[in-house]
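Letter by letter, the chains look like this.
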Amino acid sequence: MQPLTIIHLAMGMPEFDRACVEEGHRVLRLEWGSMEYNARQKAIYDNCRNLKADVLFMQLQNPNVVGLATLRAVRDMGVMVINWTGDVRDPIPKHYIDLAPYVDITAFTNNPDVVTMREMGFDARFLQIGYDPLIYNTDHRLTNRRRVVFIGNDYRDRFPLSQDRREKVDALHKVFRAEFASYGKGFGKLLLKGSDAEVYKEALVAINLDHFSRLGFHSDRYLRSRACGAYTIDGTKLSQDGLIEAVRAALDQPDTTERLGLEQAAHTFTHDRWNNRVNVIEQWHATWSSPATTTT
């Protein structure tokens, strides 16, 4: 695979940049939130031109971050433009639809949004979120063999499964009492970035409860807990009773549960780092035809 020059129009995710370098690519990070609008357009254009960029990878999440004229100019240089989001919103925010004609690929971490955008006639694709293996790993793991944890935030009724999440966390507290701990806004102690890894490394079992139940979608917390070796039960689609039963079974066989947690960690490292997502971008670029070079 030929090395690529990637411009990352970023809001976080330095681990994406590191993965690009580890995979042999040149990457320039532009933190769009720290730039005034016109300065941002100039930085995007100038760096794509001066560095002869192959890919502009954008994580925007908001409207009015990049101008249509900028995107036209960048694509005219032969740059493949990807607009990616790791979040789910219902309905799809208008700014993704508005930008879709001016980018090459609109990428989501859930399949229904991909299908919706394709039905509108746009090139939409699935690109799962990744995680940082330097923080989330099994190093110095000290498992408490009766500990079950959940980390997340309560946004009241903002999302379809907000109430379901609250009810399941409450039920776990009632049934497992001292064995279960919850963290995050509305659920318990707030954790600084990265300190969630310490919680997962001390837990035998972690619970994943997403705000949406959609094919392909899970939050990055699902990857983080698995990467740390906590046997992760995805309770999003389970009933309360089904979730309680799954946790009880895991606690009843701690040796098996610990082994399964380490197997999850190995699988996650192999398949779910940002390096794996960069490999997908490589494949997309290898089969992509630039509008700037395509003749009719």
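Quick summary incoming for the structure in this document. For clarity, every value in this text was computed on a predicted model and none was experimentally measured.

**Section: the environment of Asn38**
1) Next: Mapped onto the elements, Asn38 comes out in helix α2 (residues 37-50).
2) Next: Counting along the chain gives 38 residues from Asn38 to Asp76, while the straight-line C-alpha distance between them is 20 Å.

**A short note on the sheet that holds strand β8 (residues 180-183)**
1) Next: Within the open sheet, the four strands sit side by side as β8-β7-β9-β10. Their pairing is parallel. Looking along the sheet, the strands with just one partner apiece sit at the ends: β8 and β10 (231-234). Strand-to-strand, the axes of this sheet are offset by a mean angle of 25°, without reference to chain direction.
2) Next: Both strand β7 (residues 144-151) and strand β9 (residues 203-208) contribute to a ladder of four bridges, which runs parallel. Residue Asn144 lies in a different strand from β9, and its bridge partner there is Ala203.
3) Next: Helix α6 (residues 162-176) rests against β7, β8 and β9 of the sheet, and its axis sits at about 145° to β8.
4) Next: Together, β7, β9 and β10 form the strand contacts of helix α10 (residues 254-271), whose direction differs from that of β10 by roughly 85°.

**A closer look at α6**
Along an α-helix, residues three or four positions apart point the same way, because every turn accommodates 3.6 residues.
1) Next: For α6, spanning 15 residues, the distance from its first C-alpha to its last is 21 Å, which sits close to the expected 21 Å at 1.5 Å a residue.
2) Next: Listed as buried for α6 are Ser162, Arg165, Arg166, Lys168, Val169, Ala171, Leu172 and Phe176.
3) Next: Those residues of α6 hidden inside the fold are in contact with β7, β8, β9 and α9 (240-252).
4) Next: After α6 finishes, the residue Arg177 shows a positive phi value of roughly 50°.

**As for the packing of helix α1 (residues 14-22) against helix α11 (residues 274-286)**
If you want to describe how two helices pack, look at the angle between their axes and the distance between the axes.
1) Next: At a minimum axis distance of 8 Å, the contact between α1 and α11 shows a crossing angle of 65°. Judged by the sense of rotation from one axis to the other, the crossing of α1 with α11 is right-handed. Residues Glu15, Phe16, Ala19, Cys20 and Glu22 of α1 pack against Trp274, Asn275, Val278 and Ile281 of α11.
2) Next: Considered class by class, the residues forming the contact of α1 with α11 number six nonpolar, one polar and two charged.

Definitions and cut-offs
Residues numbered from 1 in each chain as written. Predicted model: local features only at pLDDT ≥ 70, side-chain atom pairs only at ≥ 80, totals over all residues. Heavy atoms only, no water. Helix = DSSP H or I, 4+ residues; strand = E, 2+ residues; numbered from the N terminus. Pairing = 2+ DSSP bridges. Axes fitted to C-alpha atoms, helices over the stretch in contact; angles between N-to-C directions. Contact = heavy atoms within 4.5 Å. Expected span 1.5 Å × (residues − 1). Buried < 20%, exposed > 50% of the residue type's maximum accessible area, 1.4 Å probe, protein only. Left-handed = near helix turned anticlockwise from the far one by under 90°. Nonpolar A, V, L, I, M, F, W, Y, C, P; charged D, E, K, R; others polar.

Everything listed is a geometric property; what it means functionally is a separate question.
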